[in-house]
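# Descriptive structure summary
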Amino acid sequence: MKTFRGCICIAQARIISGRKKGSHICTIAYYPTDDQFLRLCVPFSIGRSPAIKRWSVFDFDGTKDGLGNDTRDETWNATQIRRQAVEITAGDRNLIHSKILSQYKYESELNKNKSSIGLLIPDKSSLRFYKESYNPNDEKDLKKIERAKFMADQGIWFPEYKVMVKGTYRCEGRSKRFDKQLLSWDVYEADRRGNVDPFQQIYSYRNPYMILGNLATKRRAFMVIGIHSAPDGYIERYAINQQLALAVS
């Protein structure tokens, strides 16, 4: 058992529920004490706000027990959420942006280091979002359709489509393409309510960057868990400098 204090929630995936695990939100946090990312599942109850929201500060007791085949270093089983503070201030957010961006590595480096959480810095003008319906003739998609029906029976909305984001990014001096599934909770929640276009909001970001996470069963498959907009100059100052430092070392 380990107690983590002063964690900051930086990304949350959509609500999910299964037959073996109850309704929960996969949450990625930044832990300033050890300057690292953490992953934990936060239980979700219908009709209640999530116990943790993005940019909130919280403490939790974590253990490696009960994770099954999830042996990723960053993953912890949160046995108790001890404290949730109000959202951090704008000034504190800028500091956290700098700390997050300083962790930047290319996806190939994440795989080499067996890291399960990382960043992707896209070319803003290249970003495109689209919805892709599940194919009932595809075995994997059929399981997703069945999950959607299972969750609907519990009163939880789960779309029968996936949201994808594609674009380009710079890697080792070259422009590369990406096409990834977007799991961000706030995007799906806005889509469910239908009162805000989440994609137009992201298009307005001045300096977008993405929080990536992979699967316990497919470690080289990274998905987008959340999208932030960094303060002006931060990507160059922190993320790009991090890459230059890695190239020299």
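Our subject is the structure that appears above.
Let us look at the structure shown here. (Residues numbered from 1 in each chain as written. Predicted model: local features only at pLDDT ≥ 70, side-chain atom pairs only at ≥ 80, totals over all residues. Heavy atoms only, no water.)

### What about the overall build of the protein chain?
Regarding its fold elements, the protein chain presents six helices and eleven strands. Over its C-alpha trace the protein chain gives a radius of gyration of 18 Å, about what one expects of a compact globule, namely 18 Å for 249 residues. Every one of the 249 residues in the protein chain was classed for burial, and the buried ones make up 49%. For the protein chain, the share of sequence-separated contacts (at least 6 apart) that also reach a separation of at least 24 residues comes to 64%. Carbon and sulfur atoms form 47% of the exposed surface of the protein chain, whose accessible area is close to 13100 Å². For the protein chain, the centre of its 41 positive side-chain charges and the centre of its 28 negative side-chain charges are spaced 1 Å apart. (Helix = DSSP H or I, 4+ residues; strand = E, 2+ residues; numbered from the N terminus. Rg over C-alpha atoms; globule rule 2.2 N^0.38 Å. Buried < 20%, exposed > 50% of the residue type's maximum accessible area, 1.4 Å probe, protein only. Contact = heavy atoms within 4.5 Å. Areas by Shrake-Rupley, 256 points an atom, 1.4 Å probe, with all protein chains shown as cover. Lys, Arg positive; Asp, Glu negative; His and termini not counted. Charge placed at Lys NZ, Arg CZ, Asp CG, Glu CD.)

### A few points about the nonpolar core
Here is a general trend for soluble globular proteins: nonpolar side chains tend to be buried in one another's company. Ile10, Leu101 and Ile211 are the most contacted members of the largest nonpolar core, which totals 48 residues. In contact with Ile211, other than residues within four places in its own chain, are Ile10, Ala11, Ile28, Ile100, Ile117, Gly118, Leu119, Met223, Val224, Ile225, Gly226 and His228. Phe4, Cys9, Ile52 and Phe58 belong to the second-largest nonpolar core, a separate cluster that totals 13 residues. (Core = buried A, V, L, I, M, F, W, Y, C linked by side-chain atoms within 4.5 Å.)

### Side note on the environment of Leu67
As for its position among the elements, Leu67 is in the loop between strand E4 (56-63) and strand E5 (77-87). Note on Leu67: relative accessible area 18%, which makes it buried. Considered as a pair, Leu67 and Asp123 are 56 residues apart in the sequence and their alpha carbons are 36 Å apart. With residues near it in sequence (within four places) discarded, Leu67 still touches Thr75, Trp76 and Asn77.

### Focus on the pairing of strand E11 (residues 222-229)
When a strand is regular, its side chains alternate between the sheet's two faces. With seven of eight residues buried, E11 lies mostly within the body of the structure. Relative to E11, strand E10 (residues 208-214) runs antiparallel, the two being bridged by seven bridges. Bridge pairing in E11 places Leu212 opposite Val224. (Pairing = 2+ DSSP bridges.)

### A word on unusual backbone geometry
What is expected of a backbone is that most residues other than glycine have negative phi and most peptide bonds are trans. A positive phi angle, near 50°, is found at Asp35, a position not held by glycine. Of note, the phi angle at Trp55 is positive, near 75°, even though the residue is not glycine.

### Observations regarding the side chain of Gln181
Mapped onto the elements, Gln181 comes out in strand E9 (residues 174-182). In contact with Gln181, other than residues within four places in its own chain, are Arg14, Tyr134, Lys162, Val163, Met164, Met223 and Val224.

### Remarks on the pattern of salt bridges
Throughout the structure, instances matching the rule amount to eleven salt bridges. Here Arg82 and Asp61 are joined by a salt bridge, their closest N and O atoms 2.8 Å apart. Pair noted here: Arg82 is in strand E5 and Asp61 is in strand E4, with a separation of 21 residues, a long-range link. On the basis of relative accessible area, Arg82 is assigned to the partly exposed category, the value being 47%. Taking relative accessible area as the criterion, Asp61 reaches 6% and is therefore assigned buried. Where Lys180 meets Glu107, a salt bridge forms, and the shortest distance between an N and an O atom there is 2.9 Å. Here Lys180, found in strand E9, pairs with Glu107, found in helix H2 (residues 107-112); they are 73 residues apart in sequence, far enough to count as distant. In the salt-bridge network here, residues are joined through shared partners; they are Glu189, Arg192 and Arg193. (Salt bridge = Lys/Arg side-chain N within 4 Å of Asp/Glu carboxyl O.)

### Here we look at the packing of aromatic side chains
Taken as a whole and judged by the stated rule, the model has ten aromatic pairs. Relative to Phe37, the ring of Tyr30 has its centre 6.3 Å away and its plane inclined at 65°; by these criteria the two rings are edge-to-face. Through successive ring pairs, a cluster of aromatic residues spans Phe4, Tyr31, Phe58, Phe60 and Trp76. The side chain of Lys64 reaches across the aromatic face of Trp76, ending 4.7 Å from its centre. (Phe/Tyr/Trp six-rings, centres within 6.5 Å; stacked < 30°, edge-to-face > 60°. Lys NZ or Arg CZ within 6 Å of the ring centre and 35° of its normal.)

### A closer look at helix H4 (residues 185-193)
Buried within H4 we find Val187, Tyr188, Glu189 and Ala190. At its buried positions, H4 is contacted by strand E1 (2-16), strand E8 (161-171), E9 and helix H5 (198-203). Where H4 terminates, the next one or two residues include Gly194, which has phi positive at roughly 75°.

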